[in-house]
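Geometric and topological summary
Listed below, chain by chain, are the residues.
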Amino acid sequence: MPASKPASLLKFTAASVLALALVACSDSEESAAERTLAAPLPDVAASAAPAGIKPPPIPAPPQVQAKGYILLDYVSGQTLAATNDNERLEPASLTKLMSAYAVFHALKDGRIKMTDMVTISPHARSQDGSRMFVDVGTQVSVENLIQGMIVQSGNDATVALAEFVAGSEPVFVDLMNQYAQQIGMVSTRFQNSPGMPHPEHYTTAHDIALLSRALIKDYPEYYKFYSQRQFTWNKITQPNRNGLLDRDPTVDGLKTGHTESAGYCLVSSARRDGMRLVSVVMGSPSVRAREDASSALLNYGFNFYQTRQLYPNKAPVMTVKVWKGEAGEVPLSVVEDIYTTIPRGQENMLSASADVPDPLFAPLSPGKAAGQLRITLGDKVIGTYPLHPTAEVPEAGFFGRLTDDVKLWMK
């Protein structure tokens, strides 16, 4: 019968194991690094080109007459074509997109109503340029002023709304600039609500595209006004200045702008086969040029690109191992619908991967990201998104953590 080990040796061994486990715990958490895991993509082969057929080449964007332009996909936010899109330019009446954004916000949060009557001030009536032709002292409903601002591009209607929403136009302009910062329009500064020329009144094609996308997304119930063909006030009927509404039945917005210094500007949005694009053209030499430029950009985007959903909101993307937790693994999901816009026929070049801490320790919470999803087209990363646990993973008890410490130390 083998001799029994001394009790002191047993105590020493247990203490050593515990010490090693504690060391393993300390070392593993401090040296945790990221690992990259392949993430499953939805079946992209179904809509890909048949085997043996090469995807069509993607030509360069059309050459258009504009100081700056951008074309982006509304859903994914990806830029499909751009030139001088970050150059500061005068927006002219494209400014009214932000004025409308602020008015729509006031409507949505209940501070004003469509049926509210607005008394026209001398300041509003005295505005130069395009007008709705409201008279001083008369009362006009918010809904009619919105149509005057959007359809007729009325400077007087815009100022009247600004005064009604904020008490005065300068305070309203401050609101406009605050909303611009919230949207991410980092190269924009407004000095007035209608878009009259001013040395410090500027924006970029990129910023206007961000604003247009936010306006459509945040206030879809008011988007209908941008496709309204005409509006009559004071017995004066004026047509919508966006000529693409008549040229292209898929176009349903958004806004024109023009001053001598800004040139001719046009923000257009169109929807075809479930795909919506937004184009911003600034500084064109004529009405026809801005419409031709916008039309060419929209046709280019629809002809050569496609947008598809990759992951729906809250859908599990992958399951990963968890250390020192009450659960040994947890699914990770995206927290928004994930769309991507890619050249037509290049679905098979899409791939996804996830960067996750290695090892990944509990506790974990759905409110805190536990990794990052990367979408790649060929060798180019086209989108990154946080991955969140789908459920709470509390920290395990003492012996559960101790067991994982030993396993990590032995890896």
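Now for a quick tour of the structure. (Residues numbered from 1 in each chain as written. Predicted model: local features only at pLDDT ≥ 70, side-chain atom pairs only at ≥ 80, totals over all residues. Heavy atoms only, no water.)

Some words on the overall build of the protein chain
Stated precisely, the cut-off is as follows: Helix and strand assignments follow DSSP, with helices taken as H or I runs no shorter than four residues and strands as E runs no shorter than two, numbered in order from the N terminus. Buried residues are those whose accessible area, probed at 1.4 Å on protein chains only, stays under 20% of the maximum for their type, while exposed residues exceed 50% and partly exposed ones sit between those limits. Any pair of residues with heavy atoms lying within 4.5 Å of one another is described as a contacting pair. Each accessible area value is a Shrake-Rupley result obtained with a 1.4 Å probe; residue values ignore everything except the protein chains displayed when judging cover.
Each helix and strand in the protein chain was counted, giving ten helices and 17 strands. Counting the 411 residues in the protein chain, one finds 49% classified as buried. Considering only contacts in the protein chain between residues 6 or more positions apart, those separated by 24 or more positions represent 67%. Split by element, the accessible area of the protein chain, about 19,200 Å² in all, is 53% carbon and sulfur.

Thoughts on the packing of aromatic side chains
Rule in force here: Centre distance within 6.5 Å is the pairing criterion for rings of Phe, Tyr and Trp, where only the six-membered ring of Trp is used; planes under 30 degrees apart are then read as stacked, over 60 as edge-to-face, and the remainder as tilted.
If you walk through the whole model with that rule in mind, you get seven aromatic pairs. A centroid spacing of 4.8 Å and a plane angle of 25° characterise the contact between F104 and Y222, whose relative ring orientation is stacked. Of this pair, F104 sits in helix 2 (residues 95-108) while Y222 sits in the loop between helix 7 (205-218) and strand 6 (230-233); the two residues are 118 residues apart in sequence, bridging distant segments of the chain. For F104, a relative accessible area of 0% translates into the label buried.

Side note on the pattern of salt bridges
Operational definition: The working definition used for a salt bridge is a side-chain nitrogen of Lys or Arg within 4 Å of a carboxyl oxygen of Asp or Glu.
Applying the stated rule across the entire model yields nine salt bridges. With a closest N to O distance of 3.2 Å, R229 and D246 form a salt bridge. Of this pair, R229 sits in the loop between helix 7 and strand 6 while D246 sits in helix 8 (residues 244-247), and the two are 17 residues apart along the sequence. For R229, a relative accessible area of 41% translates into the label partly exposed. Using a relative accessible area of 65% as the deciding quantity, one classes D246 as exposed. A salt bridge links D252 to R276, with the shortest nitrogen-to-oxygen separation between them at 2.9 Å. Of the two residues, D252 is situated in strand 8 (residues 251-259) and R276 in strand 10 (residues 275-284); the sequence distance between them amounts to 24 residues. Taken together, the shared-partner salt bridges connect R247, R288, E291 and D292 into one network.

Remarks on the nonpolar core
Buried together is how nonpolar side chains tend to be arranged in soluble globular proteins. To be explicit about the condition: Residues enter a nonpolar core if they are buried and are Ala, Val, Leu, Ile, Met, Phe, Trp, Tyr or Cys, with the set joined through side-chain atoms within 4.5 Å.
Formed by 61 residues in total, the largest nonpolar core has its most connected members in M98, F104, L145 and I146. Counting 26 residues, the second-largest nonpolar core is a separate cluster that includes V322, A352, L377 and Y385.

Notes on the sheet that holds strand 3 (residues 79-83)
So the rule is basically this: By the convention used here, strands pair only if DSSP detects at least 2 bridges between them. As a rule, the C-alpha atoms of each element are fitted with a line to give its axis, helices using only the stretch in contact, and angles between N-to-C directions run from 0 to 180 degrees.
Here five strands make up an open sheet; going across it, the order is 3-2-10-9-8 and the pairing antiparallel. Single-partner strands in this sheet number two, and they are strand 3 and strand 8. Ignoring strand direction, the axes of neighbouring strands in this sheet form an average angle of 5°. Where strand 2 (residues 68-73) meets strand 10, six bridges bridge the pair, whose relative direction is antiparallel. Bridged to L72 within strand 10 is V278.

Let's talk about the side chain of E169
For clarity, the cut-off: We treat Lys and Arg as the positive residues and Asp and Glu as the negative residues; His and chain ends play no part in the count.
On the secondary structure map, E169 appears in helix 6 (residues 169-183). For the buried E169, no salt bridge is present, and the opposite-charge side chain at shortest range is K96, 9.7 Å distant. Ignoring sequence-local partners within four residues, the contact set of E169 consists of H123, V159, A162, E163, N192, S193 and P194.

Focus: the packing of helix 5 (residues 155-166) against helix 6
Selection criterion: What sets the label is the angle itself: under 35 degrees gives roughly parallel, over 145 gives roughly antiparallel, 65 to 115 gives roughly perpendicular, and the rest give oblique. When residue character is reported, Ala, Val, Leu, Ile, Met, Phe, Trp, Tyr, Cys and Pro are called nonpolar, Asp, Glu, Lys and Arg charged, and the others, Gly included, polar.
Packing of helix 5 against helix 6 brings their axes to within 8 Å, and their N-to-C directions diverge by 85°. Compared by their axis directions, helix 5 and helix 6 come out roughly perpendicular. Between helix 5 and helix 6, the contacting residues are V159, A162, E163, V165 and A166 on the first element and E169, V171, F172 and L175 on the second. Considering only residue class, the contact of helix 5 with helix 6 consists of seven nonpolar, no polar and two charged.

What to know about empty space enclosed by the protein
Where we set the bar: Definitions used for this entry: grid spacing 1 Å over protein atoms alone; cavity, a set of points where a 1.4 Å probe fits but cannot get out; pocket, an open set with protein on both sides within 12 Å along at least 5 of 7 lines; lining residue, one with an atom within 4 Å of a point. Grid points are joined across faces, edges and corners, and a volume is the space filled by probe spheres set on the points.
Per the stated rule, a full pass over the model turns up one cavity of 30 Å³ or more. Taken as a whole, the largest cavity encloses approximately 50 Å³ of empty space. If you go around the largest cavity, the residues you meet are I150, V151, S153, Y226, N240, R241, N242, L254, K255 and T256. Class assignment for the residues of the lining of the largest cavity results in four nonpolar, four polar and two charged.

Examining the environment of P386
By the secondary structure assignment, P386 is in strand 17 (residues 380-389). Residue P386 is classed as partly exposed on the basis of its relative accessible area, which comes to 35%. Residues contacting P386, with those up to four places away along its chain left out, are S333, V334, A369, G371 and Q372.

Structural notes on helix 7
Quick note on the threshold: Residue count minus one, scaled by 1.5 Å, sets the expected span of a helix.
In this model helix 7 runs 20 Å from its N-terminal to its C-terminal C-alpha over 14 residues, within 8% of the 20 Å that 1.5 Å per residue would give. Turning to helix 7, its buried residues are A205, D207, I208, A209, L211, S212, A214, L215 and I216. Its buried side turned inward, helix 7 meets strand 2, helix 2, helix 6, strand 8, strand 9 (263-272) and strand 10.

Concerning unusual backbone geometry
L254 follows G253 through a cis peptide bond whose omega is 20°. Looking at the element boundaries, L254 is found in strand 8. In this structure, the amide linkage connecting D358 to the following residue, P359, adopts the cis form with an omega of 0°. You will see that A92, though not glycine, has its phi angle at about 50°, which is positive. For A92, the location among the structural elements is in the loop between strand 3 and helix 2. One non-glycine residue, N234, lies in the positive phi region at around 60°. Relative to the assigned elements, N234 resides in the loop between strand 6 and strand 7 (236-239).

Function-wise, these values are silent; they only describe arrangement.
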